[in-house]
Structures are given as structure tokens and as C-alpha cells.
Amino acid sequence: MKDREVQRHLRNHKGFTLIELLVVMVILGLLAALVGPRLFGHVGKSQVQAAKLQIGMVEEALDAFRLDVGRYPSTQEGLNALMTNPGIDGWDGPYLKKTTPLDPWKRAYQYQAPGSHGDYDLFSYGADGAPGGEGENKDIASWE
């Protein structure tokens with residue numbers, strides 16, 4: 001009688017075996033290995049696009065600053081001059097709705113005025129944070 005009760009008890013407690021769980025884990029790992037790189041490639045492209053859009057937004061603010069003041073902020077004044085008046089006559093800001101944005105990789109945009117490529121240079125070093133690079137690591141600049 002006890003054997004029948006034990007068998008009935010075991011039949012009522014169905015579950016997964018260790019092998020079944022391992023097979024599922026392997027399948028999930030293979031799926032992640034196949035799909036993951038494709039998804040991360042799109043993330044990198046969207047970060048580059050976001051940086052280009054942010055640079056365009058800051059360029060518009062710099063142009064508005066120039067219209068009011070008659071010049072672009074100096075390198076020493078930096079992009080902060082778009083948010084707070086550094087003591088300049090004619091300043092009618094803030095020129096950005098929010099604080100000066102960080103690039104998509106959470107670093108400050110580089111700003112130099114006068115610039116090597118025009119009245120000012122505004123750029124991000126890209127994903128690697130270093131000059132130069134290819135793909136995601138390529139510099140994103142206002143003059144390109």
C-alpha cells in the first residue's frame with residue numbers, strides 16, 4: 001500500500017528535470033548570441049543619430065546667442081554661456097530649454113571658439129571618447 005501511495009504522490013508532483021532545464025538554458029543562450037549583436041548594432045547607430053541631433057540643437061542656440069550678443073561664446077565661456085549670463089551685454093537667454101546636454105555616451109561636448117573649421121568647433125569624440133575612430137567610435141562634428 002505504501003508503494004502505491006508513493007507512486008501516486010510522485011505522479012501528482014510533476015516538474016522539470018535538470019536535463020530539461022539545461023536544454024532550455026542552452027537554447028536561450030544560442031538565441032541571445034544570435035540576436036544580441038544585431039540589436040546592439042542598432043543601439044550604436046541610434047546614439048550617433050542622437051549626437052548629430054543634439055549638435056544641431058546646440059548650433060541653433062549658438063546662433064541665437066550670436067544674434068543677441070554679436071559673437072559666439074569664447075572657449076573659456078563655453079557652452080555654459082548658453083544657459084547662464086557670464087556678464088555679457090545683450091545676453092537674452094537662456095538659449096537652451098534645459099541644461100547643456102551630454103553626448104549619448106554621457107560626456108560633455110567639446111567646444112572651441114574660434115574653431116579650426118569655422119567660427120566654432122562643436123563635437124563629440126564618439127563611443128570611445130578618443131579622437132578619430134571608425135563606426136560608433138568616429139568623431140561627430142558640427143562641420144561635417
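Scroll up to find the structure this text is about.
Cut-off values and rules
- Residues numbered from 1 in each chain as written.
- Predicted model: local features only at pLDDT ≥ 70, side-chain atom pairs only at ≥ 80, totals over all residues.
- Heavy atoms only, no water.
- Helix = DSSP H or I, 4+ residues; strand = E, 2+ residues; numbered from the N terminus.
- Areas by Shrake-Rupley, 256 points an atom, 1.4 Å probe, with all protein chains shown as cover.
- Polar contact = N/O pair within 3.5 Å; in protein donor to acceptor, adjacent residues only side chain to side chain.
- Contact = heavy atoms within 4.5 Å.
- Phe/Tyr/Trp six-rings, centres within 6.5 Å; stacked < 30°, edge-to-face > 60°.
- Buried < 20%, exposed > 50% of the residue type's maximum accessible area, 1.4 Å probe, protein only.
- Pairing = 2+ DSSP bridges.

This next bit is on the overall build of the protein chain. From N to C terminus, the protein chain includes two helices and three strands. When the helices and strands of the protein chain are listed from N to C terminus, the series reads α-α-β-β-β. About 10,500 Å² of surface is accessible on the protein chain, with carbon and sulfur atoms providing 58% of the total.

Once that is clear, we can look at the side chain of aspartate 103. With respect to the helices and strands, the residue aspartate 103 is situated in the loop between helix 2 (18-69) and strand 1 (110-112). In this structure the side chain of aspartate 103 is engaged in a polar contact, spanning 2.8 Å, whose partner is the side chain of serine 124. Leaving out residues up to four positions away in the same chain, aspartate 103 has contacts with Gln54, Tyr109 and Ser124.

Our focus in this paragraph is the packing of aromatic side chains. If you walk through the whole model with that rule in mind, you get six aromatic pairs. Ring centres of tyrosine 72 and tyrosine 120 lie 4.8 Å apart, and the angle between their planes is 65 degrees; this geometry places the pair in the edge-to-face category. In this pair, tyrosine 72 is assigned in the loop between helix 2 and strand 1 and tyrosine 120 in the loop between strand 1 and strand 2 (121-124), connecting sequence segments 48 residues apart. Look at tyrosine 72 and you get buried, because its relative accessible area is 14%. Ring centres of phenylalanine 123 and tyrosine 125 lie 5.3 Å apart, and the angle between their planes is 75 degrees; this geometry places the pair in the edge-to-face category. Its relative accessible area of 24% is what places tyrosine 125 among the partly exposed residues.

So, on to the sheet that holds strand 3 (residues 140-141). Ordered in space as 1-2-3, the three strands form an open sheet in which the pairing is antiparallel. In this open sheet, the two strands that pair with only one neighbour each are strand 1 and strand 3. As paired elements, strand 2 and strand 3 share two bridges and run antiparallel to each other. Paired with serine 124 across the strands is isoleucine 140, a residue of strand 3.

Alternating residues of strand 2 divide into Asp121 and Phe123 and Leu122 and Ser124, and every residue in both groups is buried. Two strands pair when backbone bridges link them, and strand 1 and strand 2 are joined in this way by three bridges, in the antiparallel orientation. Residue pairing for strand 2: glutamine 110 is matched across the bridge by phenylalanine 123.

With that out of the way, let us pick up the environment of leucine 96. You can see leucine 96 is positioned in the loop between helix 2 and strand 1. Its relative accessible area of 7% is what places leucine 96 among the buried residues. Along the chain, leucine 96 and methionine 83 lie 13 residues apart, while their C-alpha atoms are 6.4 Å from each other. What leucine 96 contacts, discounting residues up to four positions off in sequence, is Met57, Val58, Ala61, Leu82, Met83 and Pro101.

Treat this as a map of the structure, not an account of what it does.
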